Amino acid sequence: MTMPAALQRDDANDQAAKAGRRKLISRWFYLLCIAIAMLSVLVLAVLLISISVQGGSRLSVDLLTNAHSELHPEQAGMWPAIVGTLFVCGVCALVALPLGVGTAVFLEEFKPRRPELRVLRRWIPLGQRRWDGVCTGLYKAMRGLHGFVQLNISNLAGVPSIVYGLLGLSVFVYMFNVFGQITVNESAGLELAGVRHYYQVLTLQRGEVVLIPQQDLQQATITVTEPVEAMLPSGERVTLSLWKPGTEKPTEPELRRRTVREGATGGRYSQKDWYYFRLPLGRSFLAAGLTLALVILPVVIIASQEALRGVPPSMREASLGLGATTWQTTRNVCLPAALPGILTGSILSMGRAIGEAAPILVVLGAAIAKNSGPQHLMDDAVTMPVLIYNWAGRQQQVYQELAAAAIIVLLVILLLVNSLAIYLRQRLRQT
Amino acid sequence: MNLQVRPMEPKSKNRPPVVERPLASKDASESARPARPARIEIKDFDAWYGDFQAIHGLSLDVPRHQVTAFIGPSGCGKSTLLKWLNRMNDVVAGAHAQGHLVLKGDVGEDDVDLLARSTDVVALRRRIGIVFQKPNPFPKSIYQNVAFGPRLHMNISRRETDELVEWALKKAALWDEVKDRLHKSALGLSGGQQQRLCIARAIATGPNILLMDEPCSALDPASTARVEDLIFELRQQYSIVIVTHSMQQASRVSDQTAFFFQGRLIESGPTEQIFTRPREQQTEDYVSGKFG
Ligand SMILES: Nc1ncnc2c1ncn2[C@@H]1O[C@H](COP(=O)(O)OP(=O)(O)OP(=O)(O)O)[C@@H](O)[C@H]1O
Ligand SMILES: [Mg+2]
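Residues numbered from 1 in each chain as written. Chains lettered and ligands numbered in written order. Predicted model: local features only at pLDDT ≥ 70, side-chain atom pairs only at ≥ 80, totals over all residues. Heavy atoms only, no water.

(A) Structural view of the overall build of chain A. From N to C terminus, chain A includes 14 helices and 9 strands. For chain A, the C-alpha radius of gyration of 32 Å lies well beyond 22 Å, the compact-globule estimate for 431 residues. Over its C-alpha atoms, taken along the principal directions, chain A stretches across nearly 125 × 75 × 35 Å. Among the 431 residues that make up chain A, the fraction classed as buried is 39%. Taking all contacts inside chain A whose residues are at least 6 apart in sequence as the whole, residues at least 24 apart take part in 69%. Summing over all exposed atoms, chain A offers an accessible surface of approximately 24500 Å²; the carbon and sulfur share of this is 64%. Side chains of chain A carry 39 positive and 28 negative charges; the gap between the two charge centres is 14 Å. (Helix = DSSP H or I, 4+ residues; strand = E, 2+ residues; numbered from the N terminus. Rg over C-alpha atoms; globule rule 2.2 N^0.38 Å. Buried < 20%, exposed > 50% of the residue type's maximum accessible area, 1.4 Å probe, protein only. Contact = heavy atoms within 4.5 Å. Areas by Shrake-Rupley, 256 points an atom, 1.4 Å probe, with all protein chains shown as cover. Lys, Arg positive; Asp, Glu negative; His and termini not counted. Charge placed at Lys NZ, Arg CZ, Asp CG, Glu CD.)

Here's what the structure looks like:
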């Protein structure tokens, strides 16, 4: 056999020149890569430095422990937002992670099998070939369905999060009004658990508040026109005495303590147990968490699928060959092997959930007045991105600085979350 | 279908002798018939991957308590048939088959239709163990690897597990090499040790049929010899099917040999006869190394 012409050519010079050029290109490409990598580091550095310069002076313990304040911005803090983010993202994780990993397991480990329809074959005489055709057709249909689910999940990952916000609004917040509407004083909707006590809150002359138990639930406010029974916040029961404006105020301290202006109006207040539950969910942190879960679900699914696909098929064969069921194989072999990947994907997507503002703005609104974390399941919440959005949009210099400081806190938290992902991956790789 | 899980006795070197049933008269009329009654009966078996037919109308008996070798050129369907014998093809997308594939029961047991959808594949695979061509230990400790199968099927105490693991590793001629590192990762073993670990893992479940797909293709001569010794010893209690590309190995370890070519069975019979007096020209060419 003769050698191909290309191998017979004697062109040492030509080859040397070509080798030189190749090496040069390789070198330049290397430099280009370094430059690009440096550029992204540079952008990040500029961002961090500018934010630190702006917000560094506002970093303090107060920032972490106080609540937002309109009157004293220099004391404003983000504690309710930190707790609120924790709650919202907690709900999100509790829902999205099991659901996402479960879906990935379904898509990767429980692939459709070709039905044989042996029983049907015996009963309906269609002939071997036709039945084979039917079985193959059914199998292809099932595979098509599987592929359709897969395609949808990939598409969902690309849907903007504000769209999920609108979805969450109609699905979780209003529940299509199937259970009625929640009015401003929260008297409607379907209330399922968590006993509520209704009160009217009155402010006394000396600035203290008293609670008047309310019987008529339809009444939004009451006006005090005669002495009534009331409860001090300490639990002590008193009879309020009235003071007409224009007359002399009582001087005796004990009497002054329980004097209320005639004609004072109360505000509705209801006490709820922590497990207070109603439908629809309304603008609650639960609804926000569920909405965020929808946002990150496709990401969790895809990351977990990638991790499961990385498990060598020979591991599954080994387990099945020993007589393990598909579930035993999944639990004992596939999930442990895929765990580092699943965890990394999950934690990174949680990072995304923590920083997500748009769907929260749609579901919970932009209000940041809340001065504590959620008190019960249906309570609303402030989250860090929403707080930053609100602060950054204000004119005053103080709020600009506060926003920058809050961004630093948010970045630190995200950094911690991401390093947790890296740490876990390393740990699990080693064992 | 009678596939209950029987209590397992790790030290089963002296199991009660199996009472053999008289040969079926049909078998007796053929010249190349198995010396022992069939353990697995295959008749007119076809298998497909999607639209591609990998096995065409194959009929063969796998005898009880003997070693049967499947030989033939690459891609002729040996692994496909082997995988159908314990339904490993269930998980292969598009794999399907038809025909008569029956596991003949031991005394007091019913026959099992190996192709029926209703067959309990979990119990089936416990009885029919499989060892793959490439060693595939789990990324767990040696001990956990061997204990994996038993733990799937029964609740056994720590002590029983210890005993079982030791027994299986001794049978697979691996005990002396690993007894000091039982709780170290199995991935730290050499290829040959890993393959013997896979054999130990397969027999720890207590199968009575063992399928081996080229178990020695990744092994050095010394490990191969060990595995062959093992097969030789195991055949006292197990019915073994071994796929091999080594004619020497087939002639050394097997009692029966089946020669496949392009998805069809060309010839089967006692190993001695296949290698010295094959009836088919193709078989002779193959065993003498003229092709394949
Ligand atoms: N999962 C699969 N999907 C599609 N075709 C397959 C699959 N597995 C095997 N085949 C085809 O089926 C035929 C038989 O394959 P098989 O693995 O049984 O061959 P083999 O005899 O074991 O070969 P070797 O000795 O190389 O292992 C081959 O043509 C192969 O291409
Ligand atoms: Mg093969």
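(B) Seen up close, the confidence of the model for chain A. The predicted model of chain A has a mean per-residue pLDDT of 87, with 95% of residues at 70 or higher. Mean pLDDT values for the elements of chain A range from 72 in strand 2 (residues 196-203) of chain A up to 96 in helix 9 (residues 285-309) of chain A. (pLDDT = per-residue confidence, 0-100.)

(C) Looking closely at the interface of chain A and chain B. Listed as interface residues are 22 residues of chain A and, on the opposing side, 31 residues of chain B. Interface area, chain A with chain B, both sides summed: about 2300 Å², of which 57% is carbon and sulfur. If you sort the residues of chain A by the area they bury against chain B, Arg113(A), Arg118(A) and Leu322(A) come out on top, with a joint share of 27%. For the pair chain A and chain B, the number of links is 1 salt bridge. For Glu317(A), the salt bridge goes to Lys83(B), with nearest N and O atoms at 3.9 Å. Here chain A is connected to chain B by 6 residue pairs in polar contact (both at pLDDT 80 or more). Among the elements that make up the side of chain A that touches chain B, the one with the highest residue count is helix 10 (residues 313-321) of chain A (7 residues). Split by residue class, the side of chain A that touches chain B holds 8 nonpolar, 8 polar and 6 charged. (Buried area = accessible area lost by both parts, 1.4 Å probe. Salt bridge = Lys/Arg side-chain N within 4 Å of Asp/Glu carboxyl O. Polar contact = N/O pair within 3.5 Å; in protein donor to acceptor, adjacent residues only side chain to side chain. Nonpolar A, V, L, I, M, F, W, Y, C, P; charged D, E, K, R; others polar.)

(D) Molecular detail of the pattern of salt bridges. Tallied over the entire structure, the rule returns 24 salt bridges over all chains. A salt bridge links Glu267(B) to Arg279(B), with the shortest nitrogen-to-oxygen separation between them at 3.5 Å. One end of the pair, Glu267(B), is in strand 10 (residues 264-270); the other, Arg279(B), is in the loop between helix 10 (271-276) and helix 11 (281-287), with 12 residues separating them in the sequence. One salt-bridge network, held together by shared partners, links Glu108(A), Lys111(A), Glu306(A) and Arg309(A).

(E) Representation of the side chain of Arg126(B) in the model. Residue and element names in this part refer to chain B. On the secondary structure map, arginine 126 appears in helix 3 (residues 121-127). Of the residues examined, arginine 126 reaches a relative accessible area of 7% and is grouped as buried. Side-chain polar atoms of arginine 126 contact the backbone oxygen of threonine 205, separated by 3.2 Å.

(F) Representation of the site of ligand 1 in the model. Residue and element names in this part refer to chain B. Residues in close proximity to ligand 1 total 13 residues, the closest being Ser74, Lys78, Ser79, Thr80 and His245. Taking cysteine 76, its main chain carries an N or O atom lying 3.2 Å from an oxygen atom of ligand 1. Lysine 78 places a side-chain nitrogen or oxygen 2.8 Å from an oxygen atom of ligand 1. Coverage of ligand 1 by the protein amounts to 63% of the 630 Å² it exposes when considered alone. Within the residue set of the shell around ligand 1, elements represented by two or more residues are strand 2 (52-63) and helix 2 (78-85). Across the shell around ligand 1, the residue classes break down as 5 nonpolar, 6 polar and 2 charged. (Near = heavy atom within 4 Å.)

(G) A look at the sheet that holds strand 2 of chain B. Residue and element names in this part refer to chain B. Strand order in the open sheet formed by 4 strands is 2-1-4-5, and the pairing between neighbours is antiparallel. The open sheet has two edge strands, strand 2 and strand 5 (112-113), and neither has a second partner. Direction of pairing for strand 1 (residues 38-49) relative to strand 4 (residues 95-103): antiparallel, over a ladder of 8 bridges. Within strand 4, the position partnered with alanine 47 by the bridge is alanine 97. Here helix 2 sits on the sheet in contact with strand 1, strand 2 and strand 4, set at roughly 120° to strand 1. (Pairing = 2+ DSSP bridges. Axes fitted to C-alpha atoms, helices over the stretch in contact; angles between N-to-C directions.)

(H) Focus on the packing of aromatic side chains. All names here are of chain B. Under the definition given, this model contains 7 aromatic pairs over all chains. Ring geometry for phenylalanine 45 versus tryptophan 84: centroids 6.4 Å apart, planes at 70°, classification edge-to-face. On the criterion of sequence distance, the pair formed by phenylalanine 45 in strand 1 and tryptophan 84 in helix 2 is long-range, its members being 39 residues apart. We classify phenylalanine 45 as buried; its relative accessible area is 0%. Classification of tryptophan 84 as buried rests on a relative accessible area of 5%. Taken together, a centroid distance of 5.0 Å and an interplanar angle of 55° make the contact between phenylalanine 70 and phenylalanine 260 tilted. Note that phenylalanine 70 is positioned in strand 3 (residues 67-71) and phenylalanine 260 in strand 9 (residues 256-261), a separation of 190 residues in sequence. (Phe/Tyr/Trp six-rings, centres within 6.5 Å; stacked < 30°, edge-to-face > 60°.)

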